[in-house]
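Below, each chain spelled out in residue letters.
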Amino acid sequence: MAAIEEHAPASILDQDLYKFCMQQAVLEHYPDADAEYRFVNRDPSILFNRESFEWLQERISGMAELRATSEDLEYLRSACPYFSANYIAYLSEFKYNPSAEVTCSLDESSGILSLRVCGNWTRIILYEVPLLAMIAESHYRFVDTDWNYAGQREKIVAKGQQLVDAGCRFAEFGTRRRRSFMTQDIVMSELSRIKPGSGGLSGTSNVYLARKYGVRPVGTIGHEWIMGIAALETTYREADRLALLKWQQTYRGQLAVALTDTFGTRVFFATFGRDLADIYDSVRHDSGDPLAFAQAVYEHYKGLGIDPSTKTIIFSDSLTPEIAIGIKNRCDSYGIGCSFGIGTNFTNDFSLASNLARGGTALNIVIKLFECGGRPCVKLSDDRTKYTGDIDEVKRAQSELAEFYSS
């Protein structure tokens, strides 16, 4: 069995696969676009202190030393054949430049952390996930310290076995919200050893851990791809469709998962016609009522004359094993396939060390694309608490899309 690592590895592959996938697409379609990302803390009770900030600053500066090794590149060629020779060559020369691209500050009087990433979109797109992981770990090292690893192995084994026994196919999606790298390493160590049945582990989003445990790296597309295209092409109404068409041009039928909620699923379905539905094997749910979404997807495919049993829904919004099993039962009733990406519940589910009966607090933090090509970027979602972006631009997007929200 591979040894558990106490500290995060100095590896460019300690990253979620979808960031590499989007970097390749941006490199192909918008290589000269500039962008800005901003950190958003959705829970104002979560604060930071001087020690956590100094630790975070040191880790951010250390990103300048990361390079893709020859072994890393060879692994990507083998495990991810959809990466072009041109992209692998680009990645072989890639390096972070945090001193020029990342601005981070702490208001010590309030404990509020601010962070921005600015620069060429292709270059800075890889920052999000490692920065979120570092921010979370800084908080749990120096602010919220009433926890330990006791019982973590047993907990993840029970969750994994519950999902397998229920016939759920699931992937580990916990990099961005992990309490520490060691937590995610423990999770993957245990999940990778559970014997599959009708359900089982389909992989992990973390490329480093996929290689370490011999499982499939999984991931495709994020909201920022669609948000950026909406800004660059100056359209919200057609952004989903344009994003999917450009993705198809890059991946030619591979990684064929359509993300549905960037501007709301009503907007998505209005442009997700038979041509795109034939190309894309799956759709992904990331906000709103998952059961209502399953019904909407079923009805949409039926309306297009497509057999729903030939398609799959991927669910990834705030899942637990119990929620996933309930969703699977509903999908089974529609005869449509489903799989699950579980993040925070796998890599940040702890009890207080001082009181095991009380659960700890998992962070609800994001880094979102704020501007692209000099234009503001927004996300509307099917959950108003997940709206992000400039308030005036959110209102403008809602106005352009008003017909989809009139009922």
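See above for the structure.
Note that this is a predicted model, so its numbers are computed, not measured.

Peer 1: I'm lost on the nonpolar core in this one. Help?
Peer 2: Counting residues in hydrophobic clusters, the biggest one holds 126 residues, and the most contacted among them are Phe83, Trp121 and Trp225. Tallying contributions element by element places helix α1 (residues 17-29) first for this core, with 8 residues. When residues no more than four places from it in sequence are discounted, the contact partners of Trp225 are Met22, Ala25, Val26, His29, Tyr30, Trp121, Ala243, Lys246 and Trp247.

Peer 1: In this structure, what is going on with empty space enclosed by the protein? I would like to understand it.
Peer 2: If a probe the size of a water molecule is rolled over the atoms, the empty space left behind becomes visible. Counting across every chain of the model gives 1 cavity of 30 Å³ or more. For the largest cavity, the calculated volume is near 30 Å³. Taken together, Lys19, Tyr37, Val117, Ile124, Ile125, Tyr127, Glu128 and Ile367 make up the lining of the largest cavity. Considering only residue class, the lining of the largest cavity consists of 6 nonpolar, no polar and 2 charged.

Peer 1: Could you clarify how one ought to interpret the packing of aromatic side chains in this entry?
Peer 2: A ring pair, where both rings are aromatic, is described by two values, the distance of the centres and the angle of the planes. Tallied over the entire structure, the rule returns 26 aromatic pairs. Their ring planes at 35 degrees and their centres at 6.3 Å tell us that Tyr30 and Trp121 sit as a pair that is tilted. A residue pair is termed long-range when its members are at least 10 positions apart, and Tyr30 in the loop between α1 and β1 (34-41) and Trp121 in helix α6 (residues 121-124) qualify at 91 residues. Owing to a relative accessible area of 10%, Tyr30 belongs among the buried residues under this scheme. Between Trp55 and Phe142, the aromatic rings sit 6.4 Å apart at their centres with planes inclined by 55 degrees, giving tilted as the arrangement. Of this pair, Trp55 sits in helix α2 (residues 50-62) while Phe142 sits in helix α7 (residues 128-142), placing them 87 residues apart in sequence.

Peer 1: Would you take a moment to explain the layout of surface pockets for this structure?
Peer 2: Its volume calculated, the second largest pocket comes out at about 420 Å³. Lining the second largest pocket are 20 residues, with Ala8, Pro9, Ala10, Arg59 and Met134 sitting closest to its centre. Taken together, the elements giving at least two residues each to the lining of the second largest pocket come down to α2 and α7. Per-element accounting of the lining of the second largest pocket gives the leading share, 5 residues, to α7.

Peer 1: Is there a simple way to think about the pattern of salt bridges in this case?
Peer 2: Pairing between side chains of opposite charge can happen when the charged atoms of each approach one another. Within this structure, the stated rule accounts for 26 salt bridges. In this structure, Arg153 engages Glu190 in a salt bridge whose closest nitrogen and oxygen atoms are separated by 2.4 Å. With Arg153 in helix α8 (residues 152-165) and Glu190 in helix α9 (residues 181-191), the pair connects residues that are 37 residues apart, well separated along the chain. Classification of Arg153 as partly exposed rests on a relative accessible area of 30%. One salt bridge connects Glu403 with Arg237, and the closest N-O pair in it is separated by 2.7 Å. Taken together, the positions of Glu403 in the segment after α18 (391-400) and Arg237 in the loop between α11 (223-232) and α12 (239-251) put the pair 166 residues apart, joining distant regions of the chain. For Arg237, a relative accessible area of 30% corresponds to the partly exposed category. One network of salt bridges, in which partners are shared, links Lys19, Glu128, Arg176 and Glu224.

Peer 1: Just checking my understanding: could you explain the sheet that holds strand β4 (residues 169-172) for this structure?
Peer 2: Strand pairing within a sheet occurs via backbone hydrogen bonds; the two strands may be parallel or antiparallel. Across the sheet, which stays open at both edges, the 6 strands sit in the order β5-β4-β9-β8-β7-β6 with parallel pairing between neighbours. Every interior strand has two partners, whereas the edge strands, β5 (200-204) and β6 (257-259), have only one. For this sheet, the mean inter-axis angle between neighbouring strands, taken without regard to orientation, is 25 degrees. Sheet topology places strand β8 (residues 312-315) next to strand β9 (residues 337-342); 4 bridges connect them, and they run parallel. Counterpart to Ile314 in the pairing with β9 is Ser339.

Peer 1: I keep staring at α9 and nothing clicks. Help me out?
Peer 2: Given 3.6 residues per helical turn, the α-helix brings residues three or four places apart onto the same face. Counting buried residues along α9, 11 of its 11 residues qualify, which places the element largely inside the surrounding structure. If you check which residues of α9 are buried, you get Phe181, Met182, Thr183, Gln184, Asp185, Ile186, Val187, Met188, Ser189, Glu190 and Leu191.

Peer 1: Help me understand the pairing of β9 in this model?
Peer 2: Regular strands place their side chains on alternate faces of the sheet. The buried fraction of β9 amounts to 5 of the 6 residues, a majority that puts the element mostly inside the structure. Sheet topology places β4 next to β9; 3 bridges connect them, and they run parallel. Counterpart to Ala171 in the pairing with β9 is Gly341. For the handedness criterion, the β-α-β arrangement of β8, helix α16 (residues 321-334) and β9 is classed as right-handed.

The rules behind these values
- Residues numbered from 1 in each chain as written.
- Predicted model: local features only at pLDDT ≥ 70, side-chain atom pairs only at ≥ 80, totals over all residues.
- Heavy atoms only, no water.
- Core = buried A, V, L, I, M, F, W, Y, C linked by side-chain atoms within 4.5 Å.
- Buried < 20%, exposed > 50% of the residue type's maximum accessible area, 1.4 Å probe, protein only.
- Helix = DSSP H or I, 4+ residues; strand = E, 2+ residues; numbered from the N terminus.
- Contact = heavy atoms within 4.5 Å.
- 1 Å grid on protein atoms, 1.4 Å probe; cavity = no way out; pocket = protein on both sides within 12 Å on 5 of 7 lines; lining within 4 Å.
- Points joined across faces, edges and corners; volume = space filled by probe spheres on them.
- Nonpolar A, V, L, I, M, F, W, Y, C, P; charged D, E, K, R; others polar.
- Phe/Tyr/Trp six-rings, centres within 6.5 Å; stacked < 30°, edge-to-face > 60°.
- Salt bridge = Lys/Arg side-chain N within 4 Å of Asp/Glu carboxyl O.
- Pairing = 2+ DSSP bridges.
- Axes fitted to C-alpha atoms, helices over the stretch in contact; angles between N-to-C directions.
- Right-handed = clockwise from strand over helix to strand, strands pointing away.

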